[in-house]
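Here is what each chain is made of, one letter per residue.
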Amino acid sequence: MFELRRLRLLHEFALRGTVAEVARSLSYSPSTVSQQLALLEREAGVALLEPDGRRIRLTPEGRVLAAHAARALELDEQARQALTQAPAEAVRISAMPTAAETIVPAALTALAVTHPHLRVEMTEAPPEEGLFELTARRFDLVIAEQYPGHTRERHPGSVHELIGEDRIRLVLPPGEPALSLDRLRDRPWVMEPTGSAARQWAVQQCRAAGFEPDVRFEAADLTAHVRLIEAGHAVGMLPDLIWGDAPAGVTLAELPGSPVREVFTAVRESARGSEAIGAVRAALAEAFAQHRRPGRGR
């Protein structure tokens, strides 16, 4: 018989690729991870790992057992749900920054009334990281987004469910007229880092309007975008969720086609029947629906 804890280590290695990353993600020492994988090899009776230059990789037998390990972890999760729905069960959330600052606090307020014994833990993380770590079981629910034409990768065993659409608008410094995108070709821009879906999408909007944006400022934190724009140093494109319940102190203008990003939650298929996760997701959806969006340009 295989020990489930060791199977999880093999599953993590298949996802992360190095013993050091497995150790870091699970708060073990690298030597402990190596020892446990060696014990798993003895239990299996075949080599699961082999040298690959200065690193190691899964053997064909290791890949087969890693796939079975993923299914074993799913069955363990389903069995635990079938046996009990403990009131003190914790739900671990990964939330993109705009959701962490707006809809998560409102959802927690509602849950404190409807599910007072439910423990919710939140980590602010970009969607790419959250969706990966969902597969690795670091999180139980992820709040993420996808921009028009940029569908997020579907990791095996995960389920995505839309909670709402979030309008994206041009943002200009306070007091400026609501200019169209094509009239901003000579302005400095603030955008998210290169490689992010938001950056790729924003650059494409500028190119479709006939110019290459002068991206003078990069920041993953959208609050930094707002501050740079408020101070008159840049223009940008931001989703309405960034404003929370406070009115925007900037000028907002419509983009061509009035685009929206989709905000969704992702959970593991094996955890889809969890009452606790379902309650959290419902509270997030309601909080998003109640969110007050700003009006058009100021």
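Rules of the game
- Residues numbered from 1 in each chain as written.
- Predicted model: local features only at pLDDT ≥ 70, side-chain atom pairs only at ≥ 80, totals over all residues.
- Heavy atoms only, no water.
- Helix = DSSP H or I, 4+ residues; strand = E, 2+ residues; numbered from the N terminus.
- Buried < 20%, exposed > 50% of the residue type's maximum accessible area, 1.4 Å probe, protein only.
- Phe/Tyr/Trp six-rings, centres within 6.5 Å; stacked < 30°, edge-to-face > 60°.
- Pairing = 2+ DSSP bridges.
- Axes fitted to C-alpha atoms, helices over the stretch in contact; angles between N-to-C directions.
- Parallel < 35°, antiparallel > 145°, perpendicular 65-115°, else oblique.
- Left-handed = near helix turned anticlockwise from the far one by under 90°.
- Contact = heavy atoms within 4.5 Å.
- Nonpolar A, V, L, I, M, F, W, Y, C, P; charged D, E, K, R; others polar.
- Core = buried A, V, L, I, M, F, W, Y, C linked by side-chain atoms within 4.5 Å.
- pLDDT = per-residue confidence, 0-100.

## Focus: unusual backbone geometry
The backbone of Arg137 sits at a positive phi, close to 70°, despite the residue not being glycine. On the secondary structure map, Arg137 appears in the loop between α7 (127-135) and β5 (141-146). Phi angles above zero are rare outside glycine, and Ser258 is one such case at about 45°. Structurally, Ser258 is set in the loop between β10 (251-254) and β11 (260-268). Residue classification places Ser258 among the partly exposed residues on the basis of a relative accessible area of 33%.

## A few points about the packing of aromatic side chains
Taken as a whole and assessed by the stated rule, the structure comprises two aromatic pairs. Their ring planes at 45° and their centres at 5.5 Å tell us that Tyr147 and Trp201 sit as a pair that is tilted. One end of the pair, Tyr147, is in the loop between β5 and β6 (158-172); the other, Trp201, is in helix α8 (residues 197-208), and 54 residues separate them in sequence. Trp201 shares its class with Tyr147; the two are buried.

## What to know about the pairing of β5
Most of β5 is tucked away: six of the six residues are buried. Burial along β5 is two-sided: Leu141, Ile143 and Glu145 facing one way and Val142, Ala144 and Gln146 facing the other are all buried. Summarising the sheet, strand β3 (residues 90-95) and β5 pair through three bridges and their orientation is parallel. If you follow Ile93 over to β5, its bridge partner there is Leu141. Note: β5 against β11, six bridges, orientation antiparallel. When the sheet's bridge partners are listed, Gln146 is paired in β11 with Glu262.

## Observations regarding the packing of helix α1 (residues 4-16) against helix α2 (residues 19-26)
Between α1 and α2, the shortest axis-to-axis distance is 9 Å and the interhelical angle comes to 120°. When the axis of α1 is compared with that of α2, the two are oblique. Seen from above, α1 lies across α2 with right-handed handedness. In this structure, α1 contributes Arg8, Leu9, Glu12, Phe13 and Arg16 to the contact, and α2 contributes Val19, Glu21, Val22, Arg24, Ser25 and Leu26.

## Description of the packing of α2 against helix α3 (residues 30-44)
Think of two packed helices as two axes; the pair is described by the angle between the axes and how far apart they sit. Orientation of α2 relative to α3, taken along the N-to-C sense of each, is 110°, at an axis distance of 8 Å. Here α3 runs roughly perpendicular to α2, going by the angle between their axes. Two secondary-structure elements touch here, α2 through Val19, Val22 and Ala23 and α3 through Pro30, Val33 and Ser34. When grouped by side-chain class, the residues that make up the contact of α2 with α3 number five nonpolar, one polar and no charged.

## Considerations on the nonpolar core
If you look at the biggest cluster of nonpolar residues, it comprises 28 residues, and the most contacted ones within it are Ile103, Leu141, Ile143, Val280 and Leu284. Those elements that provide at least two residues to this core are β3, α5 (97-101), α6 (103-114), β5, β6, β11 and α10 (275-290). When residues no more than four places from it in sequence are discounted, the contact partners of Ile143 are Ile93, Ser94, Ala95, Met96, Ala99, Ile103, Val104, Val263, Phe264 and Leu284. Leu172, Leu179, Leu184 and Trp189 belong to the second largest nonpolar core, which has 19 residues in total.

## Details of the confidence of the model for the chain
With 94% of its residues at a pLDDT of 70 or more, the chain shows a mean pLDDT of 88. By mean pLDDT, the top-scoring element of the chain is strand β7 (residues 188-191) (98), and the lowest-scoring one is helix α4 (residues 60-83) (80). Segment residues 293-298: pLDDT under 50, and 20 contacts once partners within four positions in sequence are set aside and those in other chains are kept.

## Some thoughts on the side chain of His11
The residue His11 is located in helix α1 in this model. Once residues lying within four places of it in the same chain are set aside, the contact partners of His11 are Ala69, Ala70, Leu73, Thr135 and Arg137.

## Description of the pairing of β10
Going residue by residue along β10, you find Thr251 and Ala253 tucked away on one face and Leu252 and Glu254 tucked away on the opposite face as well. Pairing geometry for β6 and β10, over four bridges, is antiparallel. When the sheet's bridge partners are listed, Leu170 is paired in β10 with Ala253.

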